[in-house]
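Spelled out, the chains give:
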Amino acid sequence: MGNSALRAHVETAQKTGVFQLKDRGLTEFPSELQKLTSNLRTIDLSNNKIESLPPMIMGKFTLLKSLSLNNNKLAVLPDELCNLKKLEMLSLNNNHLRELPSTFGQLSALKTLSLSGNQLQALPPQLCSLRHLDVVDLSKNQIRCIPDIVGDLQVIELNLNQNQISQISVKISCCPRLKVLRLEENCLELSMLPQSILSDSQICLLAVEGNLFEIKKLRELEGYDKYMERFTATKKKFA
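Bear in mind that the values here come from a model prediction, so they are computed numbers and not experimental data.

Asks: Give me the overall build of the protein: which residues, what numbers.
Replies: Counting its regular elements, the protein contains five helices and eleven strands. With the C-alpha coordinates of the protein rotated into their principal frame, the extents come out at 65 × 30 × 30 Å. Across the 239 residues of the protein, 47% fall into the buried class. In the protein, of all internal contacts separated by at least 6 residues, the share reaching a separation of at least 24 is 37%. Carbon and sulfur atoms provide 47% of the accessible area of the protein, an area that totals close to 11,800 Å².

Asks: Run through the side chain of Ser139, naming residues and quoting values.
Replies: Note on placement: Ser139 falls in the loop between strand S6 (135–137) and strand S7 (145–146). Ignoring anything within four residues of it in the chain, the contact list for Ser139 reads Leu115, Ser116, Gly117, Asn159, Leu160, Asn161, Gln162 and Asn163.

Asks: Quick one: what's the story with the environment of Lys49, residue by residue and with numbers?
Replies: On the secondary structure map, Lys49 appears in the loop between strand S2 (42–44) and helix H2 (55–58). C-alpha separation for the pair Lys49 and Asn93, spaced 44 residues apart in sequence, amounts to 13 Å. Ignoring anything within four residues of it in the chain, the contact list for Lys49 reads Leu26, Thr27, Asn72 and Lys73.

Asks: Now, about the side chain of Asn163: what can you tell me, with residues and values included?
Replies: Structurally, Asn163 can be placed in the loop between strand S8 (157–159) and strand S9 (167–168). Judged by relative accessible area, Asn163 falls into the buried class, the value being 6%. From its side chain, Asn163 meets the backbone oxygen of Leu138 in a polar contact 3.0 Å long. Polar contacts involving the side chain of Asn163 include one to the main-chain carbonyl oxygen of Leu160, which spans 3.1 Å. Excluding residues that lie within four positions of it along the chain, Asn163 makes contacts with Leu138, Ser139, Lys140, Asn141, Gln142, Ile143, Glu185 and Asn186.

Asks: An account of the pattern of salt bridges is requested, with residue identities and associated values reported.
Replies: Within the structure shown, the criterion is met by five salt bridges. Between Lys22 and Asp44 there is a salt bridge, with its nearest N and O atoms 3.9 Å apart. Remark: Asp44 occurs in strand S2 and Lys22 occurs in the loop between strand S1 (18–20) and S2; sequence separation between them is 22 residues. Of the residues examined, Lys22 reaches a relative accessible area of 34% and is grouped as partly exposed.

Asks: Could you give me a rundown of helix H1 (residues 3–16), with the residues and numbers involved?
Replies: Between its terminal C-alpha atoms H1 stretches 20 Å, which fits the 20 Å expected from 14 residues at 1.5 Å a residue. Along H1, the positions that sit buried rather than exposed are Leu6, Val10 and Ala13. Mapping the buried residues of H1 onto a view down its axis gives an arc of 60°, with all of them on the same face. Contact partners of the buried residues in H1: S1. Gly17, located one to two residues past H1, shows a positive phi value of around 80°.

Parameters at a glance
- Residues numbered from 1 in each chain as written.
- Predicted model: local features only at pLDDT ≥ 70, side-chain atom pairs only at ≥ 80, totals over all residues.
- Heavy atoms only, no water.
- Helix = DSSP H or I, 4+ residues; strand = E, 2+ residues; numbered from the N terminus.
- Buried < 20%, exposed > 50% of the residue type's maximum accessible area, 1.4 Å probe, protein only.
- Contact = heavy atoms within 4.5 Å.
- Areas by Shrake-Rupley, 256 points an atom, 1.4 Å probe, with all protein chains shown as cover.
- Polar contact = N/O pair within 3.5 Å; in protein donor to acceptor, adjacent residues only side chain to side chain.
- Salt bridge = Lys/Arg side-chain N within 4 Å of Asp/Glu carboxyl O.
- Expected span 1.5 Å × (residues − 1).
- Arc of directions from axis to C-beta.

Shown next, in the form of C-alpha cells:
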C-alpha cells in the first residue's frame, strides 16, 4: 500500500476520529497513527498480517473506544494496551493469543470483549476485575475447565462454544448478571453440568448442544422447570 494512500486515510481519520484499514496485507501497526493518539475513537485493522502492537504508541490513545484487530497474527498484547481507560469494545478474534496481559483488569470501561479463535487454555482471571463487562466471546479456544473464579464475572453473556470444557465450577451459578451461557460443542458429560445452573441462577438461555449427552436427558434434571420459567419469561419480554 502506497504512502499517499495511507496519508489520505490518516487525514480522513484526523477529521472523523475513525481509522479503518482492513484487508491491506499490513504486517505492522501503522506508525503514522501516533500523530492521532488524541483524536481517534475507533481503530479497525482487521484482516491484515500484524504480528505485534507497538508498546510505546498503544497506551497513548486516550479517547479510543473501539479497537478491532480480528484476523491478524498477534501472539501477545503489550501491557500498555491496558492504559486505554475509555476502551469499551476490544475485538481480537482469530489471532494466536495464549494469554492476556496481567494488567488487563485495568481496562475499566470495557463492555464487549471478543477473543474467539485464539489459543487460550484457561478462563483469564483478569476478566473478573472488569465491572462493566457485558459480553465475552471465548469460543473456539482450548479451554478445558471453568474454575471457581467464574463466580466473580459480571458479564451478561458468556460464549464458550467449541472449546474442550469437561468441568464447570458450581460457582458459575453465582454470577450476578449472567443471563446467556453458551457451551455448545464441548466435552461435557451431563453429570458435570452443575444443576444449580438450572435451579438457582440468573441464566435464562443455556445452549449445550453438541456435548456428550442428549438434550432430552437435560430436560429430566431437577430444576429444569425453574430454568424454563426464566427462559419463557425472557422470551415474552422480547417478543
